[in-house]
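# Geometric and topological summary
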Amino acid sequence: MLFRSLGVLSPRKDNPKLSWICCEGMTQLPKALEKGLDCLRHTKIDLIRIGPGGKVWMIRDESGGWHYGHTLVLAIPAPQALVLLDGSFPHQMVSLKESLLRIQYRPTLTLLAKINRRKYAQLNLKPEGTIETLIENGEKGLKDSEGALTIHMNEKFSRKHFESNEAEILAEVTILFKKKYKIEFTSVELKKWRYSQVVQ
């Protein structure tokens, strides 16, 4: 297995059968994959072309520069891939575009919070109500993450509040957490995942 051979993945401590994690954090895997490659960061691709003979992919960035390769991987959400393919091949790849159109996502509002672990020695982090999943990151096996919580709100709450003001969302969840779990955050930040999970 390619990803396991990179030596950065470990089974989750709380549920080894559920999934694998990168103990150093979510950027550890792409950093391992990019070794030996020329990586362009903060570069938006706006056009794809197939080179002479059909053996070379040509991609153009928004500044007009061209890049070439023998393999093309579109590791982006289906709606974004569809826009790029429609603009690049308006009359081709019809079946692929139809498949992309059928993919539906749900959004998720995620809070990354920190708590004083000395103050809350015993934690009861059973998710309930509008909180879909709730875990202390150290329980998954992430390094140096004691007192760091990942809180995923459920689909109904996420859809309802996705376009809401960030301060309003943080205030509502902070009050909810204090009421349900008797816990106060020392810090909290909000992440909005528009294409969080595939639902169809």
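Our subject is the structure that appears above.
As the structure is a computational prediction, the values presented were derived from the model and not from experiment. (Residues numbered from 1 in each chain as written. Predicted model: local features only at pLDDT ≥ 70, side-chain atom pairs only at ≥ 80, totals over all residues. Heavy atoms only, no water.)

### Considerations on the overall build of the protein
Heads up, the rule is: A run of H or I in DSSP becomes a helix once it reaches four residues, and a run of E becomes a strand once it reaches two; helices and strands are each numbered from the N terminus. Relative accessibility under 20% of the residue-type maximum defines a buried residue, over 50% an exposed one, and the middle range a partly exposed one, all with a 1.4 Å probe and only protein chains included. By definition, residues are in contact when any of their heavy atoms lie within 4.5 Å. Each accessible area is a Shrake-Rupley estimate made with a 1.4 Å probe; only the visible protein chains count as cover when residues are assessed.
Each helix and strand counted, the protein has 7 helices and 9 strands in total. Buried positions account for 30% of the 200 residues belonging to the protein. A sequence separation of at least 24 residues applies to 56% of the contacts in the protein between residues at least 6 apart. When the accessible surface of the protein is split by element, carbon and sulfur atoms take 53% of a total near 13,700 Å².

### Brief notes about the sheet that holds strand β4 (residues 57-61)
The line we're drawing: In this scheme, strands are said to pair when DSSP sees at least two bridges between them. Axes, fitted as lines to C-alpha atoms, cover a helix only where it is in contact. Angles between the N-to-C directions of the axes lie from 0 to 180 degrees.
Spatially, β3-β4-β5 is the arrangement adopted by the 3 strands of the open sheet, whose pairing is antiparallel. Unpaired on one side and paired on the other, β3 (45-50) and β5 (66-69) mark the two borders of the sheet. Averaged over neighbouring strand pairs, the angle between their axes works out to 25° when direction is ignored. Here β4 runs beside β5; their pairing, made up of 4 bridges, is antiparallel. Note on β5: the bridge partner recorded for Met-58 is Tyr-68.

### Examining the pattern of salt bridges
Our working definition: Between Lys or Arg on one side and Asp or Glu on the other, a salt bridge is scored when a side-chain nitrogen of the former is within 4 Å of a carboxyl oxygen of the latter.
Here the structure, examined in full by the defined rule, presents 9 salt bridges. Among the salt bridges present, the one from Arg-194 reaches Glu-163, with a minimum N-O distance of 3.3 Å. With a gap of 31 residues between them, Arg-194 in strand β9 (residues 187-198) and Glu-163 in the loop between α6 (155-161) and α7 (166-181) connect regions that are remote in the sequence. Look at Glu-163 and you get exposed, because its relative accessible area is 61%. Glu-184 is the salt-bridge partner of Lys-178, the closest N and O atoms lying 3.6 Å from each other. Classification of Lys-178 as partly exposed rests on a relative accessible area of 45%.

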